[in-house]
Amino acid sequence: MIATQGKINQLLTESGCEHNQHSQKKNNKSCRQQAQPGAAQGGCAFDGAMIALVPITDAAHLVHGPIACSGNSWGSRGSLSSGSSLYKMGFTTDLTENDIIFGGEKRLYKAILEIADKYNPKAVFVYATCVTALIGDDIDAICKIAAKKTGLPVIPVNSAGFVGSKNLGNRIGGEALLDHVVGTAEPAYTTSYDINLIGEYNIAGEIWNILPLFDKLGIRVLAKITGDARYQEVACAHRAKLNIMICSKALINMGRKMEEKYNIPYIEGSFYGVEDVNQCLRNTAEKLGNINLQWRTEKLIAEETAALDVALAPYRDRLKGKRVVVYTGGVKSWSIVSAAKDLGMEVTATSTKKSTEEDKARIQQLLGGNGITLEKGNPEEILRIIKETNADMLIAGGRNQYTALKARIPFLDINQERHHRYAGYVGMIEMARELDEALHSPVWEQIRKSAPWKVKEK
Ligand code: SF4
């Protein structure tokens, strides 16, 4: 994909995204707004493209730019692999001033050849950054020449950071897969129950909580896009019968375009919270259109939920009625609310940042009349809401843990930096355990005590 303005505009106004349908109706151009210099954008487009593609574990990911770009994004996500660990290796062309003046194409070409020679990857993804886009390096041409020389797929990702936000970068990553990877290989065999999971990045190994469920139903996950993926499986993804979009907004362009090009329908789903896991399995079985499969799905749901009820009973007793503020983004804004409610907790407020209109409708439904929604939050605002709603706990991303500590309340990390798997039925038990341990840690009693020198002597 050449990053022309037209192509970028097309990704910014992706018709599959609820935001844009809303924007067109209301003539709201917010989705097309460029990143504002000086304002925190939550990651550049390059960062977003890396997030979407780096979980392809047996490929090398080469950042063509100054070393700081690579340092900015390397290791920021806890995507795990069940095989190759090549994806964790930080490759960069590490441009110098000289390259910036005379061009970095030769350096890029040599770097690809060196990687092919020393590391034997299944493919090389080459990421453009602001600097290499500005000096005009033609990474598409270099990738083509290097692919011919090495015999490997070498995929250009035109992800200059300045083109936009992290979300746009996710879509640019998706476009690179659509243009250069999906449809370039054929699976050894196909079945009527082949599906792709799109937008699940195997953070903390969550996909391993989900795959056994599909396995039990006889549904084959043909391609994981891209958590714990191998290059070959993504190349075969065009033979699936159904795409399941896990984080609806991030790679929605892949779902829509694969439907257009390969006639693969897509559904959206979440694996957080009992109800949502049940619904996702039901919708998958229904879409695959086999009555026997639907019957087996209901049987599996009944078995899993019965076992889960027994496992969760002691936690539900201890968590019941605890009040939480959830501050996260996108699909998690409602899926985590749903999971907390399943455990008997009361969600007093949640954020709606990066949420689609559909996400917001779900949030309203889950919170009922009294819940507070936060469109934009900062630590001061979150502290105010915690105080106002008398919350017992904050569930948010890692950067907000100090906000919770300032409020002297427990905190649960829900974002990409987390080390625990909360997806699927097994994930609910893990989540309940983490919530319980955080809430009932003896440290809170100590922290909330007045300092000894403030206690009056009797
Ligand atoms: S790509 Fe651009 S915005 Fe992103 S880290 Fe590199 S220099 Fe910064």
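Described below are features of the structure shown in this document. Just so you know, these numbers come straight off a predicted model, no measurement behind them. The numbering scheme is per chain: residues are counted from 1 as the chain's sequence reads. Selection of residues for local features in this predicted model requires a pLDDT of at least 70, selection of side-chain atom pairs for listing and counting requires 80 or more, and totals for whole chains, interfaces and linings are taken over all residues.

### Digging into unusual backbone geometry
Glycine aside, residues mostly have negative phi angles, and peptide bonds mostly take the trans form. Using the following cut-off: Only DSSP runs of H or I covering at least 4 residues are called helices, and only runs of E covering at least 2 are called strands; the numbering of each starts at the N terminus. Buried, partly exposed and exposed are defined by the number of other C-beta atoms within 10 Å of a residue's own C-beta, namely 20 or more, between the two limits, and 12 or fewer respectively, with C-beta atoms placed from the backbone.
Following Ile225, the chain continues to Thr226 via a peptide bond in cis, the omega torsion being 10 degrees. Tracing the backbone shows Thr226 in strand β6 (residues 220-226). Its identity as a non-glycine residue notwithstanding, Ala204 has a phi of 60 degrees, on the positive side. Relative to the elements of secondary structure, Ala204 occurs in the loop between β5 (194-200) and α10 (207-217). Classification of Ala204 by C-beta neighbours within 10 Å gives buried; the count is 21. The residue Arg408 is not glycine, and still its phi comes out positive at about 55 degrees.

### A closer look at the packing of helix α14 (residues 291-319) against helix α19 (residues 424-439)
Here is the rule we go by: Working convention: axes come from line fits to C-alpha atoms, limited for helices to the stretch in contact. Angles between N-to-C directions cover 0 to 180 degrees. What sets the label is the angle itself: under 35 degrees gives roughly parallel, over 145 gives roughly antiparallel, 65 to 115 gives roughly perpendicular, and the rest give oblique. Here, residues touch in the contact sense if the C-beta positions derived from the backbone fall within 7 Å of one another. Each residue gets one of three labels, nonpolar for Ala, Val, Leu, Ile, Met, Phe, Trp, Tyr, Cys and Pro, charged for Asp, Glu, Lys and Arg, and polar for the others, Gly among them.
Following both chains from N to C, one finds α14 and α19 inclined at 10 degrees, their axes separated by 10 Å at the closest point. Accordingly, the angle class assigned to the pair α14 and α19 is roughly parallel. From α14, Glu304, Leu308, Ala311, Leu312, Tyr315, Arg318 and Leu319 reach across to α19, where they touch Tyr425, Met428, Ile429, Ala432, Arg433, Leu435 and Asp436. Of the residues in the contact of α14 with α19, the class split is ten nonpolar, no polar and four charged.

### Here's the deal with the site of the ligand
Stated precisely, the cut-off is as follows: Using a C-beta atom placed from the backbone, a residue is described as near a molecule or strand when that atom lies within 6 Å of it.
The full set of residues close to the ligand is Cys44, Phe46, Gly65, Cys69, Asn72, Thr129, Cys130, Gly161 and Phe162. Looking at side-chain class alone, the shell around the ligand contains five nonpolar, four polar and no charged residues.

### A word on the pairing of strand β3 (residues 124-128)
The following threshold applies: The pairing criterion is simple: DSSP has to find at least two bridges between the two strands.
Taking burial as the measure, the five residues of β3 include five buried ones, the bulk of the element. Of the two faces of β3, the one carrying Val124, Val126 and Ala128 and the one carrying Phe125 and Tyr127 are both buried. Note that strand β1 (residues 60-64) and β3 share five bridges and pair parallel. Across the sheet, Leu62 pairs through a bridge with Val126, a residue of β3. Sheet topology note: the β3/strand β4 (residues 154-157) ladder contains four bridges and is parallel. By the bridge assignment for β4, Val126 is matched with Pro156.

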